[in-house]
Amino acid sequence: MDIMLIFVFVIAAYLGTELISKVPSQLHTPLMSGTNAISGITVVGAISITAVAVSAGGIVGQILGFLAILFATINVIGGYLVTDRMLGMFKKKDTKQK
């Protein structure tokens, strides 16, 4: 079971790196704001894989599962922070002076 979890982790890391490296830099912020829902699904997947690893009793799987939950959560929070900052650029600034 631990080998399968390591395989999934390595494939996910490779695919993530390949996909992000192909995106032009101008599209990173809009793309990040648009993929927050997908990142939420990633958190759910990481939690389910970690539950399988805990029931199997493998310590390596539990550590990798915890790291998957941690990194997916950081990705979701970062995506929302970047989206909030990007939307803040479009807010009308108050130009009235006292």
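All of these numbers come straight from a predicted model, not from anything done at the bench.

So, the overall build of the protein
Move 1: From N to C terminus, the protein includes four helices and zero strands.
Move 2: Walking the protein from its N terminus toward its C terminus, one meets helices and strands in the order α-α-α-α.
Move 3: Counting only carbon and sulfur atoms, one obtains 73% of the accessible surface of the protein, whose full area is about 7700 Å².

As for the side chain of Thr50
Move 1: Mapped onto the elements, Thr50 comes out in helix α3 (residues 36-56).
Move 2: In this structure, Thr50 is in contact with Gly65, Phe66 and Ile69, ignoring residues within four places of it in sequence.

Examining the confidence of the model for the protein
The predicted coordinates of low-pLDDT regions are not to be read in fine detail.
Move 1: On average, residues of the protein score 81 in pLDDT, and 83% of them are at 70 or above.
Move 2: Within the protein, the lowest mean pLDDT, 65, falls on helix α2 (residues 28-34), and the highest, 86, falls on helix α1 (residues 2-21).

Some points on a nonpolar patch on the surface
Move 1: A surface patch of nonpolar side chains, amounting to about 630 Å² of accessible area, comprises Ile3, Ile6, Phe9, Val10, Ile59, Val60 and Ile63.
Move 2: Only α1 and α4 (59-88) provide two or more residues apiece to the nonpolar patch.
Move 3: Broken down by element, the nonpolar patch gets its largest block of residues, four residues, from α1.

Thoughts on α4
Move 1: Helix length check: α4 (30 residues) gives 43 Å between terminal C-alpha atoms against 44 Å at 1.5 Å per residue, within 8%.
Move 2: All buried positions along α4 are accounted for by Gly61, Leu64, Gly65, Ala72, Val76, Gly79, Thr83 and Met86.

Things to note about the packing of α1 against α4
Move 1: At a minimum axis separation of 8 Å, α1 and α4 run at an interaxial angle of 25 degrees. Relative to α4, the element α1 lies roughly parallel. α1 and α4 meet at a crossing whose hand is left-handed. On α4, the residues touching Asp2, Leu5, Ile6 and Phe9 of α1 are Val60, Gly61 and Leu64.
Move 2: Residues that form the contact of α1 with α4 fall into these classes: five nonpolar, one polar and one charged.

Brief notes about the environment of Val52
Move 1: On the secondary structure map, Val52 appears in helix α3.
Move 2: With relative accessibility at 35%, the residue Val52 sits in the partly exposed group.
Move 3: It is 9.7 Å that separates the C-alpha atoms of Val52 and Leu5, two residues lying 47 residues apart in sequence.

Details of the pattern of salt bridges
Move 1: Counting across every chain of the model gives one salt bridge.
Move 2: Glu18 is the salt-bridge partner of Lys22, the closest N and O atoms lying 3.3 Å from each other.

So, how was this worked out
- Counting of residues starts from 1 at the beginning of each chain's written sequence and follows it residue by residue.
- Given that the model is predicted, a residue must reach a pLDDT of at least 70 before its local features are reported, and side-chain atom pairs must reach 80 or more before they are shown or counted; all residues, however, enter totals for whole chains, interfaces and linings.
- Excluded from the side-chain calculation are hydrogens and water; included are all heavy atoms of the structure.
- Strands here are runs of E lasting at least two residues and helices are runs of H or I lasting at least four, both read from the DSSP assignment and numbered beginning at the N terminus.
- For every accessible area listed, the method is Shrake-Rupley and the probe measures 1.4 Å; residues are considered covered only by the protein chains on display.
- Contact definition: two residues touch when any of their heavy atoms are within 4.5 Å.
- Within a predicted model, pLDDT stands for the predictor's per-residue confidence, ranging from 0 to 100.
- In this analysis, a patch consists of residues with relative accessible area above 30% that form no salt bridge, clustered at 9 Å for like charges and at 5 Å for the nonpolar side chains Val, Leu, Ile, Met, Phe, Trp and Tyr.
- One speaks of a salt bridge when a side-chain nitrogen belonging to Lys or Arg is within 4 Å of a carboxyl oxygen belonging to Asp or Glu.
- Each helix should span, by expectation, one fewer than its residue count multiplied by 1.5 Å.
- Exposure classes here rest on a 1.4 Å probe applied to the protein chains alone. A residue is buried below 20% of its type maximum, exposed above 50%, and partly exposed in between.
- Note on definitions: angles span 0 to 180 degrees between N-to-C directions of axes, and those axes are lines fitted to C-alpha atoms, for helices only across the stretch in contact.
- Each angle receives one of four descriptions, namely roughly parallel if under 35 degrees, roughly antiparallel if over 145, roughly perpendicular if within 65 to 115, and oblique otherwise.
- It is the rotation of the near helix from the far one that decides the hand of a crossing: anticlockwise by less than a right angle makes it left-handed, clockwise makes it right-handed.
- When residues are sorted by character, Ala, Val, Leu, Ile, Met, Phe, Trp, Tyr, Cys and Pro go into the nonpolar class, Asp, Glu, Lys and Arg into the charged class, and all the rest, Gly among them, into the polar class.

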